[in-house]
Structures are given as C-alpha cells and as structure tokens.
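Examining the three-dimensional arrangement
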Amino acid sequence: MDKLTIKNIEIKKKFIEVECIEVDGKEIILTRVPHGDIDYYLTHADCKTCGKEFKKQFTHSKICSACWKKDEYDKFYAKPLARADYKGMIYDQYTDKYFQDLDDVIEHYEEDKISLDNAMLLTTVESSFNHIDIEQISEEEVHEDWEPSDELLTKIDEFNEFLNTQRTRTFFPCDTRLDISSFLKSESEVKNG
C-alpha cells in the first residue's frame with residue numbers, strides 16, 4: 001500500500017501485558033511498546049493547522065509544508081528590524097547560508113534562480129573564545145586550601161587579554177531581521193540615475 005492514513009487503516013484491539021506502578025492514585029505504565037506509535041506507519045496525515053491531508057516528510061509531521069512555511073514567515077516577520085546601516089555577516093534562513101553582504105545575497109539568489117521574495121535575512125553575532133579562570137583549571141587538581149600565585153594569575157589575565165584579540169570567524173544568527181527591499185530600492189535608484 002503506497003498511501004496509509006488514519007482513515008484507511010483498521011485498528012484492532014489486542015492485549016499485551018505491561019508493568020505499571022501507581023502514583024497518587026494514577027496508574028503509570030512502565031513498559032514501552034516498540035513501534036506502538038501509529039505515526040511510524042502513516043504516510044499521510046491531516047494538517048493540524050488547515051485540516052488538509054498531506055504527505056508526511058517525517059515520522060511525526062503534524063502540519064503540511066504550506067502551513068509550516070507560513071508559520072516560519074510569520075515568526076520571521078515578527079522579529080524586529082535591524083538598523084539600516086548594518087554591515088556585519090548576514091544569515092539567510094531560507095537558504096541556510098551565510099553571506100558577507102547584501103550584494104552576495106542577491107548574487108546567490110540570481111545564480112540559483114530564486115526569487116528574492118523568499119529571502120529571510122538575519123543579522124549575526126560572531127562568537128568569541130571563553131576566558132580561562134583559575135577555578136576552571138584548578139578545580140580538581142589542587143587541595144582546598146591552595147592559593148594561586150600572583151604570577152599564575154597575571155599569566156592567566158595576559159592570556160585572556162590575548163584571547164580578546166583573536167577572532168573565531170564563527171557566526172550565529174540573531175533575532176533581528178534585515179529588510180532587503182530598502183536595499184533593492186536604493187540599488188535601482190543608483191542604476192536608474
């Protein structure tokens with residue numbers, strides 16, 4: 001059978017022996033039933049949002065791709081807008097890629113023949129190296145009355161200052177979105193003179 005929904009299968013009643021305990025007057029079943037979840041077998045389901053039947057992509061899919069996409073866009077557009085002069089790395093939630101600037105985003109979309117209407121651009125933040133502290137390096141290595149030397153503390157401070165000067169070049173998306181439409185308008189104004 002190539003299409004299996006909750007509507008076109010017969011659910012039969014069978015009995016299995018399970019272990020259980022009682023807590024506050026409630027019976028709690030301890031025995032897990034392997035593959036007892038019907039979701040493992042259903043190929044199609046009714047969307048919990050719109051009610052339409054859809055082909056499941058994942059075992060526990062509950063909403064269709066159209067509703068999922070709308071939900072993602074609604075969440076995206078609910079995020080605050082970034083300052084117009086943002087100059088950092090850009091993350092595109094739609095393509096799951098990072099870009100140096102908006103020109104790179106536009107070039108990528110044009111090369112892959114994707115409409116810029118799909119762009120879901122977010123600002124990013126660069127990670128930094130964690131500083132070392134004396135507790136971290138001595139916690140299980142020394143006795144409880146041990147005191148670090150001034151020289152050791154100075155060297156750790158110097159190393160932490162050095163870490164401040166090093167870049168990870170690793171970026172993570174923030175919850176601030178970029179409005180590409182204003183950039184596109186200013187670009188077309190420049191081209192049209």
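Structural notes, computed from the coordinates. (Residues numbered from 1 in each chain as written. Predicted model: local features only at pLDDT ≥ 70, side-chain atom pairs only at ≥ 80, totals over all residues. Heavy atoms only, no water.)

Comments concerning helix α4 (residues 150-164)
Between its first and last C-alpha atoms α4 spans 21 Å; for 15 residues at 1.5 Å apiece the expected length is 21 Å, and the two agree. For α4, every residue scored as buried is listed here: Ile156, Asn160 and Leu163. Looking straight down α4, one finds that the buried residues subtend no more than 55 degrees of arc, so they occupy a single side. Opposite the buried face of α4, by more than 90 degrees, sit the exposed residues Asp150, Glu151 and Glu161. (Helix = DSSP H or I, 4+ residues; strand = E, 2+ residues; numbered from the N terminus. Expected span 1.5 Å × (residues − 1). Buried < 20%, exposed > 50% of the residue type's maximum accessible area, 1.4 Å probe, protein only. Arc of directions from axis to C-beta.)

Notes on the sheet that holds strand β5 (residues 90-92)
Ordered in space as β6-β5-β7-β8, the 4 strands form an open sheet in which the pairing is antiparallel. Lying at the two open borders of the sheet, with one neighbouring strand each, are β6 (97-99) and β8 (171-177). Across the sheet, the mean angle from the axis of one strand to that of its neighbour is 40 degrees, orientation sign disregarded. Taken together, the 3 bridges between β5 and β6 define a ladder with antiparallel strand orientation. Among the inter-strand pairings, Asp92 is bridged to a residue of β6, identified as Lys97. Across the sheet, helix α2 (residues 102-111) lies against β5, β6 and β7 (121-126), angled at about 135 degrees from β6, the strand it touches most. (Pairing = 2+ DSSP bridges. Axes fitted to C-alpha atoms, helices over the stretch in contact; angles between N-to-C directions. Contact = heavy atoms within 4.5 Å.)

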